Amino acid sequence: MSIHKKNKRVTAETLRTMKHENEKISMLTAYDYTLAKMVDASGVDAILVGDSASNVMAGHETTLPITLEQMIYHAQSVVRASESALVVVDLPFGTYQSDSQKALDSAVRIMKESGAHAVKLEGGKNIKKSIKKIINAGIPVMGHLGLTPQSIYQFGTYKVRAKEEEEAQTLLEEAQLLDDLGCFALVLEKIPAALAKQVTQKISIPTIGIGAGAECDGQVLVLQDMLGMTHEFKPRFLRQYLNLYDEITGAVTQYVKDVKDGGFPNKNEQY
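We now turn to the structure provided with this report. Throughout, a residue's number is its position along its own chain's written sequence, starting from 1. The predicted nature of this model means local features are confined to residues of pLDDT at least 70 and side-chain atom pairs, given and counted, to a pLDDT of 80 or more, with totals for whole chains, interfaces and linings taken over all residues. Computation of side-chain values: all heavy atoms of the structure, hydrogens and water removed.

**What to know about the nonpolar core**
Then comes step 1: The nonpolar core is taken to be a set of buried Ala, Val, Leu, Ile, Met, Phe, Trp, Tyr and Cys residues, with the residues joined through side-chain atoms within 4.5 Å. Relative accessible area decides the class of each residue, using a 1.4 Å probe on protein chains only: under 20% of the type maximum gives buried, over 50% gives exposed, and in between gives partly exposed. Formed by 81 residues in total, the largest nonpolar core has its most connected members in Val 119 and Leu 188.
Then comes step 2: Each residue touching Val 119, except ones within four places of it in the same chain, is listed here: Val 88, Val 89, Leu 91, Ala 107, Ile 110, Met 111, Ile 134, Ile 139, Pro 140, Val 141 and Met 142. Two residues form a contact once any of their heavy atoms are found within 4.5 Å.

**Quick notes on a nonpolar patch on the surface**
Then comes step 1: Residues Ile 248, Val 252, Tyr 255, Val 256, Val 259 and Phe 264 make up a contiguous nonpolar surface patch of roughly 500 Å² in combined accessible area.
Then comes step 2: Its place among the elements puts Tyr 255 in helix α12 (residues 244–261).
Then comes step 3: Residue Tyr 255 is classed as partly exposed on the basis of its relative accessible area of 48%. Exposure above 30% relative accessible area and the lack of any salt bridge qualify a residue for a patch; like charges then connect within 9 Å, and the nonpolar side chains Val, Leu, Ile, Met, Phe, Trp and Tyr within 5 Å. Methods summary: accessible areas were calculated by the Shrake-Rupley approach with a probe of 1.4 Å, and residue burial reflects only the protein chains presented. For salt bridges, the criterion is a side-chain nitrogen of Lys or Arg within 4 Å of an Asp or Glu carboxyl oxygen. Secondary structure follows DSSP: runs of H or I at least 4 residues long count as helices, runs of E at least 2 residues long count as strands, and numbering of each begins at the N terminus.

**Some words on helix α7 (residues 128–136)**
Then comes step 1: Looking only at α7, the buried set comprises Ser 130, Ile 131, Ile 134 and Ile 135. An end-on view of α7 places all buried positions within 125° of arc, on one side of the element. For α7, the exposed residues set more than 90 degrees away from the buried face come down to Lys 129 and Asn 136.
Then comes step 2: Where α7 is buried, its residues meet α6 (100–114), β4 (118–120), β5 (141–146) and α9 (165–181).
Then comes step 3: Positioned one or two residues after α7, Gly 138 has a phi angle of 95°, which is positive. Taken from the helix axis, the directions to the C-beta atoms give the arc we talk about.

**Re the sheet that holds strand β8 (residues 218–221)**
Then comes step 1: At least two bridges found by DSSP between two strands are what make those strands a pair. Strand order in the closed barrel formed by eight strands is β1-β2-β3-β4-β5-β6-β7-β8, with parallel pairing between adjacent strands. Each neighbouring strand pair of the sheet contributes to a mean axis angle of 25°, computed without reference to strand direction. Note on geometry: axes are lines fitted to C-alpha atoms, helical ones only across the stretch in contact, with angles between N-to-C directions running from 0 to 180 degrees.

**Focus: the state of the cysteines**
A covalent bond bridging the sulfur atoms of two cysteines is what the word disulfide describes.
Then comes step 1: Two cysteine sulfurs form what is called a disulfide whenever their separation falls within 2.5 Å. Taken as a whole and judged by the stated rule, the model has zero disulfides.
Then comes step 2: Of all cysteine sulfurs in the structure, the one in Cys 216 sits closest to Cys 183, which takes part in no disulfide; the separation is 16 Å.
Then comes step 3: On the accessibility criterion, Cys 183 (0% relative accessible area) is buried.
Then comes step 4: A relative accessible area of 0% places Cys 216 in the buried class.

Take it as geometry only, folks, not as evidence of what the structure does.
See the structure below:
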């Protein structure tokens with residue numbers, strides 16, 4: 001029996017135990033009550049309320065515009081829906097990078113106002129003080145290295161990170177730093193599979209990959225991507241399990257036709 005099934009609520013400690021018992025960790029994003037309810041009921045171990053809501057829910061080009069208040073709103077909706085999954089919430093851009101006290105204040109607001117179980121921050125040594133302060137306050141922190149979307153204007157592209165030896169070595173060092181600081185897990189985004197394997201074997205905390213190969217301790221995808229709702233986004237690492245874009249647009253097209261033709265509602269759909 002999986003560790004997930006043994007306990008009603010997955011915790012940060014559960015994920016650590018899963019790594020050491022070689023049980024893979026499943027994680028998906030969610031941003032609203034309805035979809036989060038289905039994701040949680042399906043047995044996923046963790047739900048990430050990602051700042052990708054900026055793209056998926058609001059239509060922005062990057063994750064940068066989303067605010068702390070908006071992240072709290074999405075997190076509240078997801079927490080209400082989740083009965084067993086660990087709910088992790090991204091700290092949005094500008095709420096933790098420059099000031100460790102501001103970082104703690106932001107994390108405290110998310111935990112108090114949403115009821116979430118952990119927060120996630122992008123970066124390594126550059127945000128060391130913020131991570132340390134949040135963890136010291138008793139808030140579980142998930143790290144994030146590799147392609148960090150909040151730094152997209154610095155990178156200039158969404159290409160694979162850490163392909164060169166120097167950057168790969170830095171990533172290895174920063175992964176160990178996050179482990180030493182007390183992070184409970186680490187997201188590795190869009191890095192070579194061989195490097196992700198090195199990190200996974202080197203550090204004591206679980207790695208969760210997105211475009212980082214099969215040797216990570218777990219995987220995460222954006223829900224709308226894997227359901228085929230964002231049909232124009234098809235990177236190599238994405239497996240689409242459904243094509244909901246066509247299914248939904250087809251259903252809506254039929255609804256419009258039925259209304260126009262007078263076929264909806266019929267006699268059985270009236271009072």
